[in-house]
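Descriptive structure summary
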Amino acid sequence: EYINYIDYNYSIHLVLFFFFFSSRRRHTRFLPVSWARRCVQETGTWGTIIKLNKNIISIMATDKYTVHYFDGYGRAEAIRIAFWLAKVEFNDNRMTREQFAELKASGKLPFSQVPALEKNGKFYAQSTPIVRWVCQTHNLYPTDPDHAYHVEVATEIVNDIRSRFMKARFSPPEQQEEAYKQFLVEDAPPQLKSLENYFTQ
């Protein structure tokens with residue numbers, strides 16, 4: 001049994017040849033490049049593992065994704081939605097506080113915080129860059145600079161609104177009711193209205 005691992009550099013299709021040997025290794029046969037490229041496209045990934053065992057060939061996605069976060073929406077939900085829209089399978093690791101402490105102690109988290117994206121054992125941090133990366137690598141992000149600009153504007157406005165909400169959420173208990181009221185009445189509506197106007201002009 002032989003395993004040949006081919007990795008793509010995201011948006012560039014390389015010219016690939018897949019080899020496999022007979023049980024006696026006396027000759028080599030070629031798999032058509034057009035067939036290989038089609039398999040990659042249909043798996044929805046940029047890489048393919050070819051598992052070779054005599055005349056049996058199986059194709060599996062090479063990239064394994066895990067979203068690490070707690071059992072809630074928070075900053076991880078946009079990452080989950082991006083994967084769902086891209087129709088890419090991922091492991092949704094919804095941790096307890098104890099499991100988070102264990103993962104943090106392992107030193108794997110770049111900034112000791114979640115959400116984090118794990119790809120083939122490597123960890124990526126910061127929710128907004130992760131969402132952007134998922135979209136850019138799975139054809140969900142505009143290639144036109146002007147369109148990309150509008151996406152970034154919307155992203156930053158949403159981040160501003162989120163920051164104000166988090167300020168209210170983590171205010172002292174005796175001030176929390178007033179803080180939530182200020183957010184719902186004074187802070188969020190004008191920003192949401194501005195966002196609506198921006199995209200309806």
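Before reading on, note that the structure itself is shown above.
Anyway, here's the lowdown on the structure attached to this text.

Rules and cut-offs
- Residue numbers restart at each chain and count upward from 1, following the sequence in its written direction.
- pLDDT decides what is reported in this predicted model: residues at 70 or higher carry local features, side-chain atom pairs at 80 or more are listed and counted, and totals for whole chains, interfaces and linings draw on all residues regardless.
- Computation of side-chain values covers all heavy atoms of the structure but excludes hydrogens and water.
- Aromatic pairing here means that ring centres of Phe, Tyr or Trp (its six-membered ring) are within 6.5 Å. Orientation follows from the plane angle: under 30 degrees is stacked, over 60 is edge-to-face, and everything else is tilted.
- Each residue gets one of three labels from its accessible area relative to the maximum for its type: buried under 20%, exposed over 50%, partly exposed in between, using a 1.4 Å probe on protein chains only.
- The rule is short: NZ of Lys or CZ of Arg within 6 Å of the ring centre and within 35 degrees of the ring normal puts a charge over the ring.
- Strands here mean DSSP runs of E at least two residues long; helices mean DSSP runs of H or I at least four residues long; both are numbered from the N terminus.
- Here, two residues are considered to be in contact whenever any of their heavy atoms come within 4.5 Å of each other.
- DSSP bridges decide pairing: two strands pair if at least two such bridges lie between them.
- Axis lines are fitted through C-alpha atoms, for helices just across the contact stretch, and the angle between N-to-C directions can take any value from 0 to 180 degrees.
- Here, a salt bridge means any side-chain nitrogen of Lys or Arg that lies within 4 Å of a carboxyl oxygen of Asp or Glu.
- For classification purposes, an angle smaller than 35 degrees is called roughly parallel, one larger than 145 roughly antiparallel, one from 65 to 115 roughly perpendicular, and anything else oblique.
- A patch consists of residues exposed above 30% relative accessible area that lack any salt bridge, with like charges linked at up to 9 Å and nonpolar side chains (Val, Leu, Ile, Met, Phe, Trp, Tyr) linked at up to 5 Å.
- In this description, accessible areas are obtained by the Shrake-Rupley approach with a 1.4 Å probe, and a residue is regarded as covered only by the protein chains that are shown.
- As used in this record, nonpolar core signifies buried Ala, Val, Leu, Ile, Met, Phe, Trp, Tyr and Cys residues forming a set joined through side-chain atoms within 4.5 Å.

1. A few points about the packing of aromatic side chains
- Scanning the entire structure with this criterion turns up 10 aromatic pairs.
- Residues Tyr69 and Phe70 carry aromatic rings whose centres are separated by 5.4 Å and whose planes lie at 50° to one another, so their mutual orientation is tilted. Both residues of the pair, Tyr69 and Phe70, count as buried.
- When the ring of Trp84 is compared with that of Phe90, the centres are 6.1 Å apart and the planes differ by 45°; the resulting orientation is tilted.
- A relative accessible area of 47% places Trp84 in the partly exposed class.
- Each residue in the set Tyr65, Phe83, Trp84, Phe90, Tyr124 and Trp133 is aromatic and connected to the rest through ring pairs, giving one cluster.
- Directly above the ring of Phe70 sits Arg97, whose terminal nitrogen or CZ lies 4.1 Å from the centroid.

2. Quick word on helix H2 (residues 77–86)
- Taken as a whole, H2 has its buried residues at Glu77, Ile79, Arg80, Ala82, Phe83 and Ala86.
- Lining the buried residues of H2 we find strand S6 (65–70), strand S7 (91–95), strand S8 (116–119) and helix H4 (127–137).
- Where H2 ends, the next residue or the one after it, Lys87, has phi of about 60°, a positive value.

3. A look at the sheet that holds S6
- The strand order S7-S6-S8-S9 describes an open sheet built from four strands, whose pairing is mixed. The open sheet has two edge strands, S7 and strand S9 (122–125), and neither has a second partner. Shown here is a sheet whose adjacent strand axes are inclined to one another by a mean of 25°, direction ignored.
- Where H2 meets the sheet, its contacts fall on S6, S7 and S8, and the angle it forms with S6 comes to roughly 150°.
- Against the sheet, H4 engages S6, S8 and S9, with an angle of about 40° to S8.

4. Points about the pattern of salt bridges
- Taken as a whole and judged by the stated rule, the model has seven salt bridges.
- Of the charged contacts, one joins Asp92 and Arg94 as a salt bridge, the two residues approaching to 2.8 Å between their closest N and O atoms.
- The closest approach of N and O atoms between Arg164 and Asp187, which form a salt bridge, is 3.6 Å. Of this pair, Arg164 sits in helix H5 (residues 145–169) while Asp187 sits in helix H6 (residues 173–200), and the two are 23 residues apart along the sequence.

5. Structural notes on the packing of H5 against H6
- Contact geometry for H5 and H6: axes closest at 8 Å, N-to-C directions at 170°. One way to sum up the angle between H5 and H6 is to call them roughly antiparallel. Along the contact surface, H5 presents Tyr149, His150, Val153, Ala154, Ile157, Asp160, Ile161, Arg164, Phe165, Ala168 and Arg169, while H6 presents Gln176, Ala179, Tyr180, Phe183, Asp187, Gln191, Leu192, Leu195, Tyr198 and Phe199.

6. So, a nonpolar patch on the surface
- Where nonpolar side chains cluster on the molecular surface, the patch consists of Ile81, Trp84, Leu85 and Leu140 and spans about 400 Å² of accessible area.
- Structurally, Leu140 can be placed in the loop between H4 and H5.
- Among the residues examined, Leu140 registers a relative accessible area of 36% and is labelled partly exposed.

7. A short note on the pairing of S9
- Only one face of S9 is covered, namely the face carrying Phe123 and Ala125; the face carrying Lys122 and Tyr124 is uncovered.
- The sheet contact formed by S8 and S9 spans four bridges and is antiparallel. Looking across to S9, one finds that Glu118 is bridged to Phe123.
- Counted along the chain from S8 to the antiparallel partner S9, the turn is two residues long, and its residue Asn120 has a positive phi close to 50°.

8. Considering the nonpolar core
- In this structure, Tyr65, Val67, Phe83, Leu109, Val114, Leu117 and Val134 are the most contacted members of the largest nonpolar core, which totals 25 residues.
- In contact with Val114, other than residues within four places in its own chain, are His68, Tyr69, Phe70, Met95, Phe100 and Leu109.
- Counting residues in hydrophobic clusters, the runner-up holds nine residues, among them Ala168, Ala179, Phe183 and Leu195.

9. Observations regarding the pairing of S8
- Neither face of S8 is left uncovered, since the one carrying Ala116 and Glu118 and the one carrying Leu117 and Lys119 both have all their residues buried.
- Relative to S8, S6 runs antiparallel, the two being bridged by four bridges. Paired with Thr66 across the strands is Glu118, a residue of S8.

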